Amino acid sequence: MKKFFDPQAIAVVGASANPAAIGGKPIQQLLAHGYGGKIYPVNPKREMVQDLRCFPSLGEVPGPVDLVIVAVAATRVAQVIAECGQLKIPYAVILSSGFADAGAAGQQAQEDLLVTARDHGVRLLGPNCVGFIGMNNNLYAGFGAFFDYEFSPGSVGFVTQSGGVGGSLLTVADEAGVNFGHFVHTGNAADMDIETLLEAFIEDPKINTLLAYVEGLGTTGRFSQIAYEALRANKPLLVWKAGQHESSASAVVSHTGRMAGNMERYRAVFEKYGVIEVNDTIDMVDVLRLAQGGVHAAAGRVGVVSVSGGAGVIAADYLAVSQNLSLAEFDDSVVADIAAQLPSFATARNPIDVTAQIFNEPDLFERVVAALTEHDTVDQVLACVASVHSAVGTQIAQAIASAKHASGVPIVVSWSARESLNKEAFDILREAGVPVYASPERALKALDKMADFSRARKELHDDADPRHAAPGSRGNRSWARSVEFDVLNELKSHGVSIPEQLMVSDEESAVAAARKLGFPLVIKAQSPDIPHKVDAGCVHLGLRSEQEVVSAVAQIRSIVAQMGDIDSRGLVVQGMVNQGVELILGYIRDESLGGFLLIGKGGSGVEQMDDRVLVPTPANLKTVIAKIRSLRVTVEGNIEEQAIERIAKVALSLQNVVAASDTQLREIEINPVIITGQNVTAVDALAI
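Keep in mind that what you see is a predicted model, and the values were worked out from it rather than measured.

## Description of the confidence of the model for the protein chain
Item 1. Averaged over the protein chain, the pLDDT score is 92; the fraction of residues at 70 or greater is 96%.
Item 2. Throughout residues 247-260 the model reports pLDDT below 50, and contacts reaching past four residues in sequence, or to other chains, amount to 50 contacts.

## A few points about the packing of aromatic side chains
Item 1. Considering all chains together, one arrives at 16 aromatic pairs under this definition.
Item 2. Judged by centre distance (6.2 Å) and plane angle (45 degrees), the rings of F5 and F201 are tilted. Within this pair, whereas F5 is found in helix α1 (residues 2-5), its partner F201 is found in helix α6 (residues 194-203), the two being separated by 196 residues in sequence.
Item 3. Assessed through its relative accessible area of 10%, F5 is described here as buried.
Item 4. Given a relative accessible area of 0%, F201 falls into the buried group.
Item 5. Pairing F158 with F183 gives two aromatic rings, centres 5.5 Å apart and planes at 75 degrees, and the pair type is edge-to-face. Of this pair, F158 sits in strand β10 (residues 153-160) while F183 sits in strand β11 (residues 180-185), and the two are 25 residues apart along the sequence.
Item 6. Taking the relative accessible area as the measure of exposure, F158 reaches 0% and is therefore buried.

## Points about the pattern of salt bridges
Item 1. On inspection of all chains with the given rule, the structure shows 36 salt bridges.
Item 2. For the salt bridge of D283 with K445, the shortest nitrogen-to-oxygen distance reads 3.3 Å. Here D283 is found in helix α10 (residues 281-292), whereas its partner K445 is found in helix α16 (residues 440-459), with 162 residues between them in sequence.
Item 3. Residue classification places D283 among the buried residues on the basis of a relative accessible area of 13%.
Item 4. When the shortest N-O distance is used, the salt bridge between R481 and D567 registers 3.7 Å. Residue R481 is found in the loop between α16 and α17 (484-493), and its partner D567 is found in the loop between α19 (546-562) and β24 (571-575); the two are separated by 86 residues along the sequence.

## Focus on α19
Item 1. The terminal C-alpha atoms of α19 lie 25 Å apart, and with 17 residues this matches the ideal 24 Å at 1.5 Å per residue to within 8%.
Item 2. Within α19 the residues assigned to the buried category are V549, A552, V553, I556 and V560. Axial view of α19: buried residues confined to an arc of 100 degrees, hence all on one face. Of the exposed residues in α19, those oriented more than 90 degrees away from the buried face are Q547, A561 and Q562.
Item 3. Elements that come into contact with the buried residues of α19 comprise α18 (507-517), β22 (521-525), β23 (539-543) and β24.
Item 4. A positive phi of about 85 degrees marks G564, the residue just after α19.

## Notes on the sheet that holds β10
Within a sheet, each strand pairs with its neighbour through backbone hydrogen bonds, oriented either parallel or antiparallel.
Item 1. Strand order in this open sheet of 7 strands is β9-β8-β11-β10-β12-β13-β14, and the pairing throughout is mixed. The strands lining the two open edges of the sheet, one partner per strand, are β9 (139-142) and β14 (276-277).
Item 2. Across 6 bridges, the pairing between β10 and β11 is parallel. Across the sheet, the residue bridging to F158 is F183, located in β11.

## A few points about the pairing of strand β6 (residues 91-94)
Within a regular strand, side chains alternate between the sheet's two faces.
Item 1. Of the two faces of β6, the one holding Y91 and V93 and the one holding A92 and I94 are both buried throughout.
Item 2. Sheet topology places strand β5 (residues 67-70) next to β6; 4 bridges connect them, and they run parallel. Directly across from V68, in β6, lies its bridge partner A92.
Item 3. Considered for its hand, the β-α-β crossover made up of β5, helix α3 (residues 74-86) and β6 is right-handed.
Item 4. As judged from the 3 bridges shared by β6 and strand β7 (residues 123-125), these two strands associate in the parallel manner.

## So, the state of the cysteines
Item 1. Per the stated rule, a full pass over the model turns up 0 disulfides.
Item 2. Between C84, a cysteine without a disulfide, and C129, which holds the nearest cysteine sulfur, the sulfur-to-sulfur distance is 14 Å.
Item 3. By relative accessible area, C84 is classed as buried at 0%.

## With respect to the pairing of strand β8 (residues 131-134)
Item 1. What you see with β8 is no split at all: G131 and I133 on one side and F132 and G134 on the other are buried throughout.
Item 2. Bridge analysis of β8 against β9 gives 4 bridges, and the strand direction is antiparallel. Its bridge partner being in β9, I133 is matched across the sheet by Y140.
Item 3. Adjacent in sequence and paired antiparallel, β8 and β9 are bridged by 4 residues, among which N138 carries a positive phi angle near 55 degrees.

Basis of the calculations
- Residues numbered from 1 in each chain as written.
- Predicted model: local features only at pLDDT ≥ 70, side-chain atom pairs only at ≥ 80, totals over all residues.
- Heavy atoms only, no water.
- pLDDT = per-residue confidence, 0-100.
- Contact = heavy atoms within 4.5 Å.
- Phe/Tyr/Trp six-rings, centres within 6.5 Å; stacked < 30°, edge-to-face > 60°.
- Helix = DSSP H or I, 4+ residues; strand = E, 2+ residues; numbered from the N terminus.
- Buried < 20%, exposed > 50% of the residue type's maximum accessible area, 1.4 Å probe, protein only.
- Salt bridge = Lys/Arg side-chain N within 4 Å of Asp/Glu carboxyl O.
- Expected span 1.5 Å × (residues − 1).
- Arc of directions from axis to C-beta.
- Pairing = 2+ DSSP bridges.
- Right-handed = clockwise from strand over helix to strand, strands pointing away.
- Disulfide = S-S within 2.5 Å.

Okay, here's the thing in structure tokens:
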């Protein structure tokens, strides 16, 4: 996408002489911000636009064009895009509205526009977007009040599904010291979407941090792959997911799909791939300032060095309850080395209180950090400098910068001095890539969130690549209109233990099956139109005689007959499994986020149970075992270690079933899986 982000010539179709109009604003912005390429206004009604020669059509523009900004009525946009294709212009930004934002007719117009663009080889941003900004090359290609601002160039790539919210976040973050390389609003995202832009940011060597404001993802399932690639590239990905309280979009009938809500799936992907979730402007800014400076600590041991004992206590309190960070512990040799640098009344144990002696010895901080890093005691350092300012502040800042360069350990600073009194010191730290926060807790909270990314980097392995879990990539097994008997037999072929079972059609064949299998027995209806057989009264348990078998079959057949014209495949007779701990194991294919394993407490009323875990696929045995151990039902049910491993293997078998199936498979559910001692048996199953 080089010609998109770095076009050498831009044409504006629908160009206006009015710099405040939508067709005039992009030209005014490109000129005002010093864009270095050629600008060609296109409007058959004008000869000059904003002191630039205006051309009647794209075909009359002299020289090649890399990017077209389209600001004409919706009814004319497709014609412009076709002309772009004929002229080999690869990219277009469509500011025009009146497409999917304008109801059913607009949606159809947008679909037709996309067909035109693809037929002519043109990539689209929008329609109904405000455009984009390339801060590193003064490319302000769009309109909106925030386009008037001058944003500092930098290394953060930002893509947003809301122009207004995105512009506000961009402005706030820029003023707080975050430096952006790209800002892109996707608008209706007919072609380029959130995923497209994130992929481009990952490939851009000038971008080291990714930010996305997401309302909803597309249906390609590419997000997990992108999160994985960002992690591999060592580029932190921050996501602000709006609309968190909407119900799951799953319309299927399994319990599994309804149990795993929208945000639960997002957060499972976030956890696996180290995506940093933010939903607060301050948190977003604080983490971005860490990320853009490459402050990615290898682990969570924090050394706190403070000129105020109170600030150290505040930091220690936060670290005591942190999920990812801890107050580093010092052995006697470390304490002795630190104490040798300090006055006798200072504290050499973590948190280290260097006291007001730092006013007399500003390099004291550098010496203490050197002692810490020499012993490989800390992964990162928090320096609490209180409100020190002026000349002493400058000396302390120089010492902190020197310590950072000498040690290689990430350092963040809590410093509450006013900018007007301490600008030189703050500039020194900014130049050194040391983030400064107004309080210890803000600094630590940012480090805490960044630790999610560092943890995921440490745990990254090749089989985490989401492409390894692509449904339908190797098989074509169809599960359309399948029944439990078929699904259980397929699971059996993958090594899963199931009860002995036989299909029957009436009372006579059921009795014959009972004689073969032995008592006690279970009898169930088999129909793709009865997914929840217990609720329908189509399951009879604990049958211990032929008479009970005959009665159960008669009752089930009567219930099925009353359902009218449904697809009845008969009944299954199964051996009865002894009572034990009941789990639900499921696979969900989310069209936006990819595949997931769901494991939790099973049985009746399962949707009301909150004891479950969600594991993005591909999942490995170690991860699944750890997740099973975290369940309350595992602890309370005293499930044995050998059984836990067997449960994990049953869950993983679902990945193999999916790989052998076609892309129409949406969900698999095994409920219940019964655990008795070391035995793990799949008793009922459903595939959709």
